[in-house]
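Remarks on the overall topology
Okay, here's what each chain looks like letter by letter:
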Amino acid sequence: MSAPAPVARARILIAEDESGIADTLCYVLRADGYEPVWCATAGEALAQFGARPPALAILDVGLPDMNGFELFRRLHELPGAEAVPMLFLTARSDEIDRVVGLELGADDYVAKPFSPRELVARVRTILRRSARADAAVPVPASAPAPASAPAAPPVFQVDGERRRIRYYGRALELSRYEYRLLALLVQRPGRVYTREELLDMVWDDHAQSLDRTVDAHVKTLRAKLKAVAPGVEAIRTLRGVGYALHEDLPPASARAPS
Ligand code: CA
């Protein structure tokens, strides 16, 4: 069968110590038009990533020199990492819990044993979705400022090209899904989104995700917003319904960016 080839041969970094799994992954990715780069250790993956960030990274949780979570953290200390979707390969349900609980903000996970074809489909979806998100994120969305402060800068400034959001003038360090989630909420302050809607609109493969995925991301997002503006509750919880951006945030002029 011939799969539609992606526009460019996107490099996919694979950190996996089992050569049998790595071989299969490389084979199916290559057959689909990608350029797999296999690293058998976390150290090698860090070196490869540092030399040239890939389009996407697949990280096995059980690596010989460092676990996949630690590798994920270390990769995020490297330049350009926030633009690279990362997908975990996990073998145990407690690992899955950790990925889904996602203090980490990884993009997705695949449980072993997995179907190589399904994994490639997941890779394709993530890359296609992120290309679309890069191209079509709304430009400066803002929460409305009250009439008394017409010249106040917007509370939120979304830079779709750089996938950055500023909050009260401060750039937020967001994971990919935190970014997408916040960019969506900021578009329509006050609009209430159910968890199902958020999973559908923000996550690549919502059939694989869970409601608690949304809750976990909202929690980390809130912590990041609180760090900038401690007294402001930007994201409202509507118990039993979902989440919304607060419609009436204090204007930026009322808060000096520190
Ligand atoms: Ca392993």
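Our structure's up above, just so we're on the same page.
Residues numbered from 1 in each chain as written. Predicted model: local features only at pLDDT ≥ 70, side-chain atom pairs only at ≥ 80, totals over all residues. Heavy atoms only, no water.

Looking now at the pairing of strand E3 (residues 56-60). Most of E3 sits out of view: five of its five residues are buried. Along E3, one buried face is formed by Leu 56, Ile 58 and Asp 60 and the opposite face, lined by Ala 57 and Leu 59, is buried too. Pairing of strand E1 (residues 11-15) with E3 involves four bridges; the strand directions are parallel. Looking at the pairing, Ala 15 lines up with Leu 59 of E3. (Buried < 20%, exposed > 50% of the residue type's maximum accessible area, 1.4 Å probe, protein only. Helix = DSSP H or I, 4+ residues; strand = E, 2+ residues; numbered from the N terminus. Pairing = 2+ DSSP bridges.)

This part takes up the sheet that holds strand E9 (residues 193-194). An order of E9-E11-E10 is seen for the three strands of this open sheet, with the pairing classed as antiparallel. Each having just a single partner strand, E9 and strand E10 (235-238) make up the two edges of the open sheet. Relative to strand E11 (residues 242-245), E10 is paired through four bridges, and the arrangement is antiparallel. Residue Thr 237 lies in a different strand from E11, and its bridge partner there is Tyr 243.

Okay, the side chain of Arg 180 next. When you line up the elements, Arg 180 lands in helix H6 (residues 176-187). A distance of 2.9 Å separates the side chain of Arg 180 from the backbone oxygen of Val 202, its partner in a polar contact. (Polar contact = N/O pair within 3.5 Å; in protein donor to acceptor, adjacent residues only side chain to side chain.)

With that out of the way, let us pick up the sheet that holds strand E8 (residues 170-171). Here we have three strands laid out as an open sheet, ordered E6-E7-E8, and antiparallel in their pairing. Unpaired on one side and paired on the other, strand E6 (156-159) and E8 mark the two borders of the sheet. Pairing geometry for strand E7 (residues 164-167) and E8, over two bridges, is antiparallel. Its bridge partner being in E8, Tyr 167 is matched across the sheet by Arg 170. Packed on one face of the sheet, H6 meets E6 and E7 and runs near 120° to E6. (Contact = heavy atoms within 4.5 Å. Axes fitted to C-alpha atoms, helices over the stretch in contact; angles between N-to-C directions.)

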